[in-house]
Amino acid sequence: MKAIKDSVHGHVRLGDLAAELVDTPAFQRLRHIKQLSTVRLVYPSANHTRFEHSLGVYHLARGAIDGLGLDDDTADHVRAAALLHDVGHGPYGHQTEGIIRRATGRDHDDIAWLLTDADREVCQVLERNGLDPERVASLIAGEGGLGALVSGELDVDRMDYLVRDAHHTGVPYGTVDTGRLVNELRLAGDDRSGRSGGTAGSPPVDPENAELVLAEGNVPTAESLLVARSLMNAVVYRHHVSRVAGAMLERACERYLDRTDTDATDFRRMADHDLLVALREEVPALGERIERRDLYKRAVWVGLEDVPAGTVDAGHGEERAAEREIAAAVGLDRDAVVVDVPSRPGLKESGSTVVVDGVPQRLEDASELVAGLRSAERRRWTLGVYCPAEHVDAVGEAARDALGLRGAGGGART
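Novice: Before we move on, can you summarise the packing of aromatic side chains with the specific residues and values?
Specialist: Following the criterion strictly, the structure yields three aromatic pairs and no others. Geometrically, the ring pair formed by Y161 and Y237 is edge-to-face, given 6.1 Å between the ring centres and 80 degrees between the ring planes. Of the two residues, Y161 is situated in helix α10 (residues 156–169) and Y237 in helix α12 (residues 219–237); the sequence distance between them amounts to 76 residues. Y237 carries the same exposure label as Y161, and that label is buried.

As structure tokens, this is what we get:
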């Protein structure tokens with residue numbers, strides 16, 4: 001048993017298999033992928049990595065497994081999945097995920113290609129220790145009752161990143177009682193009685209077909225996770241500076257892939273610093289700005305009520321077409337205009353399941369708080385159009401015409 005000192009959880013104890021997996025190149029690469037990508041341009045101390053986050057997820061998964069009554073083989077597979085859940089991330093994490101998805105058809109948690117390749121060291125370590133790489137990959141993808149522990153509404157991934165991101169940014173909003181959360185998780189059987197195979201007097205539950213739930217009396221526990229996520233969205237994850245930088249980064253990456261021989265397979269295995277150097281050299285108009293934090297300003301910044309439904313649901317192609325139209329109207333290069341239309345507001349955690357009066361219920365049905373938080377998410381939703389400071393007024397006017405916006409929101413400060 002190897003112990004690693006963690007800034008959030010104290011000592012994280014690794015079993016022999018986990019220690020072997022940590023030493024693989026795929027896992028060590030996570031030392032060079034920042035957890036909060038462009039958020040660190042807002043919060044300077046947010047320099048933690050997906051390496052330490054993955055150790056935290058493994059730690060929380062071990063705590064949850066202890067209370068679920070799993071057999072040793074199943075427990076080993078879940079622990080491995082928790083540890084490896086982020087090895088599929090590309091550089092800058094979620095900021096480049098859309099690019100990688102469009103090029104490969106895979107999200108970061110779709111990593112069967114990595115775990116089932118016999119030439120990959122991760123696969124060799126798993127098989128040498130009697131684990132099925134395909135089964136680990138399916139758990140990471142959130143499949144089955146136990147997959148929800150790794151990737152679902154009540155997953156240990158979310159529990160760790162909320163408290164870790166709050167710790168490293170210094171904001172007080174992501175605090176949740178991870179100890180209670182992991183200790184109160186249960187597997188409910190097909191009869192939806194809320195009973196767990198680990199509960200005295202109850203029948204055994206098939207973990208592959210069960211549902212992950214919070215035990216009786218934990219509606220406030222689930223609500224705390226929802227509140228923490230909502231506040232972190234507002235203050236950290238969707239901070240306007242990070243959004244501007246992230247949108248610029250995405251455009252720069254697209255230009256980089258267009259202008260070089262780098263394919264999507266090589267791109268998604270780059271580290272953060274490799275990508276930043278490449279962007280600075282190949283797409284200097286954007287890459288150098290990102291490196292120096294010389295970011296575009298907000299020419300448009302409007303809420304959901306001022307955006308036509310067709311624009312709210314615009315896809316990648318429509319966004320890029322709007323950028324070209326706006327840039328042409330003002331006489332600018334297309335790289336000088338960035339249209340940023342986020343996905344419709346929502347809180348995935350509201351679909352988590354809690355046991356109320358012996359019956360599993362969706363949190364959205366058991367809590368009056370959910371409706372208020374959803375309303376807050378809708379109010380916070382904003383569409384942005386960004387450009388160099390000297391063109392803010394002209395770009396703002398052209399963007400409102402091109403996108404059919406009703407509001408006059410905008411501003412040159414970032």
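There is more to say after this.
Novice: Residues and numbers for empty space enclosed by the protein, please.
Specialist: In the structure shown here, the tally under the stated rule is one cavity of 30 Å³ or more. Along its surface, the largest cavity is lined by 13 residues, and G88, I100, R106, D107 and H108 are the ones closest to its centre. Broken down by class, the residue content of the lining of the largest cavity amounts to three nonpolar, five polar and five charged.

Novice: So what about helix α20 (residues 369–380)? Which residues, and what values?
Specialist: Taking 1.5 Å of rise per residue, 12 residues should cover 16 Å, and α20 covers 17 Å from first to last C-alpha, within 8% of that figure. Its buried side turned inward, α20 meets α12 and α19 (363–366).

Novice: Please give an account of the sheet that holds strand β6 (residues 338–340) that cites residues and values.
Specialist: If you trace the three strands from one edge of the open sheet to the other, you get β5-β9-β6, paired in antiparallel fashion. Both edges of this open sheet fall to β5 (297–303) and β6, since each of them pairs with a single strand only. Recorded for the sheet is a direction-independent mean angle of 15 degrees between the axes of neighbouring strands. Where β6 lies against strand β9 (residues 382–387), three bridges are found, and the strand directions are antiparallel.

Novice: Just give me the short version of the side chain of E323, but keep the residues and values in it.
Specialist: On the secondary structure map, E323 appears in helix α18 (residues 316–330). Side-chain polar atoms of E323 contact the backbone nitrogen of V339, separated by 2.9 Å. Not counting chain neighbours up to four residues away, the residues in contact with E323 comprise R251, V337, V338 and V339.

Novice: Run through unusual backbone geometry, naming residues and quoting values.
Specialist: For S37, which is not glycine, the phi torsion reads 35 degrees and is therefore positive. With respect to the helices, strands and loops of the structure, S37 is situated in the loop between α2 (25–28) and α3 (50–66). Overall, the relative accessible area of 9% leaves S37 in the buried class. With phi around 55 degrees, D357 is a residue other than glycine that occupies positive phi space. You can see D357 is positioned in the loop between β7 (353–356) and β8 (359–362).

Novice: I'd like to hear about the pairing of β5, residue by residue, with values.
Specialist: Within β5, six of the seven residues are buried, which leaves it mostly tucked inside the rest of the structure. Direction of pairing for β5 relative to β9: antiparallel, over a ladder of six bridges. From the neighbouring strand, G303 faces β9, where its bridge partner is T382.

Conventions and cut-offs
- Residues numbered from 1 in each chain as written.
- Predicted model: local features only at pLDDT ≥ 70, side-chain atom pairs only at ≥ 80, totals over all residues.
- Heavy atoms only, no water.
- Phe/Tyr/Trp six-rings, centres within 6.5 Å; stacked < 30°, edge-to-face > 60°.
- Helix = DSSP H or I, 4+ residues; strand = E, 2+ residues; numbered from the N terminus.
- Buried < 20%, exposed > 50% of the residue type's maximum accessible area, 1.4 Å probe, protein only.
- 1 Å grid on protein atoms, 1.4 Å probe; cavity = no way out; pocket = protein on both sides within 12 Å on 5 of 7 lines; lining within 4 Å.
- Points joined across faces, edges and corners; volume = space filled by probe spheres on them.
- Nonpolar A, V, L, I, M, F, W, Y, C, P; charged D, E, K, R; others polar.
- Expected span 1.5 Å × (residues − 1).
- Contact = heavy atoms within 4.5 Å.
- Pairing = 2+ DSSP bridges.
- Axes fitted to C-alpha atoms, helices over the stretch in contact; angles between N-to-C directions.
- Polar contact = N/O pair within 3.5 Å; in protein donor to acceptor, adjacent residues only side chain to side chain.

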